[in-house]
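Fold and contact review
Below are the chains, spelled out letter by letter.
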Amino acid sequence: MTDLATFVAGLPKAELHLHIEGTLEPELAFTIAERNAIDLPYSSVDELRAAYRFSNLQQFLDVYYACARVLVESRDFYDLTWAYLVRARDDNVRHAEIFFDPETHTARGVAFETMVEGICQALDDAHDKLGLTSRLILCFLRHLDEANAFETLEAAMPHRDRIVGVGLDSGERGNPPSKFARVFKRAREAGFVPVAHAGEEGPAEYVREALEVLKVRRIDHGNRALDDPGLIDELVHRQIPLTVCPLSNLKLCVVDEMASHPLKRMLDLGLCVTVNSDDPAYFGGYINDNYVAVAEALGLGKDDVVRLARNSIEASLLDVADKERLIGLLERAVSEPPP
Ligand code: HPA
Ligand code: ZN
């Protein structure tokens, strides 16, 4: 490991932008497909991996939704989630906030309870066996209509003790946050914390809508907010966290090369920016890979890297005492690095 990679690996951190379906590694996809007698539209692990060449978000989503079809039983959701949590703990992730896409599965006849049961059992086991805390956030698919989202919200109501937030993902262009204004209002009234993907491929205006119409607590991605100086001022002033995903941005051509990633600019502007892996099975790296790739390409210093880890804890949905505990661990890791 390089010096930088060792330093990053030593920092306790939180992951705040992670789609559980995006952690489905090809090997596990084939194992689960076989036991559920489902045909994947790829003949081998190698052929599937070779399909991971995307020039935009939609090309990725087509493969991502095709692979998610293998997930049927609660055990499938358990295996998927557990594999991610073990991998994340290896990267010194101490807290993970995990998205899932209910409509991708309910549309195929999978019961809402099946997903929640499998995912939550793995989250509970990670708490007990790995000391890793977590939160679960459901995402509405923004290419579907408002009625679908309302149905999904209703299905989530009995699980409010386990699902703490609502988000918005899938194809962004042409699907503005305002399309889901009423659903988010209902969700907020029911106590769900609102977040939303915005400004990944969509314009700065969608980031503004997510803030003003959906009243989100965090913006997922948010890159395009940099096109609007007034919006930057507001994000800085309110310290609205941006959950940025460098390798995702590179793979989906949101940036041309890592050296032109805006993360350093975001930090220097005073934005509360965090680093996350988004869909690590598809984008070529888990969270530490994201930290190292962006830090190397932009020449970030150790103080920047520590700032990113600190932001991840502060921007999480943990309560104050748990945040303080993790910040304490982070400070100890910085002042007393392992020999
Ligand atoms: N963007 C939008 N929708 C998604 C993503 C993403 O990066 N990953 C999974 N669903
Ligand atoms: Zn995402």
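What you are looking at is a predicted structure, and each value in this text was computed from that prediction instead of being measured. (Residues numbered from 1 in each chain as written. Chains lettered and ligands numbered in written order. Predicted model: local features only at pLDDT ≥ 70, side-chain atom pairs only at ≥ 80, totals over all residues. Heavy atoms only, no water.)

1. Topic: the site of ligand 1
Residues in contact with ligand 1, as listed here, are His-19, Leu-57, Phe-60, Leu-61, Tyr-64, Asp-169, Ser-170, His-197, Glu-200, His-221, Asp-278 and Asp-279. His-19 is positioned such that a nitrogen or oxygen atom in its side chain is 3.4 Å from a nitrogen atom of ligand 1. Within the side chain of Asp-278, a nitrogen or oxygen atom sits 2.8 Å from an oxygen atom of ligand 1. Its free accessible area being 260 Å², ligand 1 has 100% of it covered by the protein chains. Taken atom by atom, the bulk of ligand 1 overlaps the largest cavity. Broken down by element, the residue count for the shell around ligand 1 peaks at 4 residues, all from helix 4 (residues 57–68). For the shell around ligand 1, the residue count by class is 4 nonpolar, 4 polar and 4 charged. (Near = heavy atom within 4 Å. Polar contact = N/O pair within 3.5 Å; in protein donor to acceptor, adjacent residues only side chain to side chain. Areas by Shrake-Rupley, 256 points an atom, 1.4 Å probe, with all protein chains shown as cover. 1 Å grid on protein atoms, 1.4 Å probe; cavity = no way out; pocket = protein on both sides within 12 Å on 5 of 7 lines; lining within 4 Å. Sits in = over half its atoms within 2 Å of the grid points. Helix = DSSP H or I, 4+ residues; strand = E, 2+ residues; numbered from the N terminus. Nonpolar A, V, L, I, M, F, W, Y, C, P; charged D, E, K, R; others polar.)

2. Things to note about the coordination of the zinc ion (ligand 2)
At 2.0 to 2.2 Å from the zinc ion (ligand 2) lie its protein donor atoms, namely His-17 (NE2), His-19 (NE2), His-197 (NE2) and Asp-278 (OD). One can describe the donor arrangement at the zinc ion (ligand 2) as irregular, given that its 4 donor atoms subtend angles of 82 to 174° at the metal. In terms of primary sequence, the donors binding the zinc ion (ligand 2) are separated according to H-x1-H-x177-H-x80-D. In this pair, His-197 sits in strand 5 (residues 193–198) while Asp-278 sits in the loop between strand 8 (273–275) and helix 14 (280–283), placing the two residues 81 residues apart along the sequence. What makes Asp-278 buried here is its relative accessible area of 2%. (Donors = N, O, S within 2.8 Å, 3.2 Å for Na, K, Ca; no water. Tetrahedral: all angles 85-135°; square planar, octahedral: opposite > 155°, others 65-115°. Buried < 20%, exposed > 50% of the residue type's maximum accessible area, 1.4 Å probe, protein only.)

3. Focus: the packing of aromatic side chains
Within a pair of aromatic rings, the relevant descriptors are the distance that separates the centres and the angle that separates the planes. All told, the structure shown has 11 aromatic pairs when counted by the stated rule. Centroid distance Phe-60 to Tyr-64: 5.0 Å. Interplanar angle 45°. Geometry classified as tilted. With a gap of 4 residues between them, Phe-60 and Tyr-64 both fall in helix 4, about one helical turn apart. Note on accessibility: Phe-60 and Tyr-64 belong to one class, buried. Ring centres of Tyr-78 and Trp-82 lie 6.4 Å apart, and the angle between their planes is 10°; on these two criteria the pair is classed as stacked. Of this pair, Tyr-78 and Trp-82 both sit in helix 5 (residues 74–90), separated by 4 residues, roughly a single helical turn. Connected via pairs of aromatic rings, a cluster forms that spans Tyr-52, Phe-54, Phe-60, Tyr-64, Tyr-65, Tyr-282 and Phe-283. When the ring centre of Tyr-291 is taken as reference, the NZ or CZ atom of Lys-13 above it lies at 5.7 Å. The ring of Phe-7 is capped by Lys-302, whose NZ or CZ atom sits 4.9 Å from the centre of that ring. (Phe/Tyr/Trp six-rings, centres within 6.5 Å; stacked < 30°, edge-to-face > 60°. Lys NZ or Arg CZ within 6 Å of the ring centre and 35° of its normal.)

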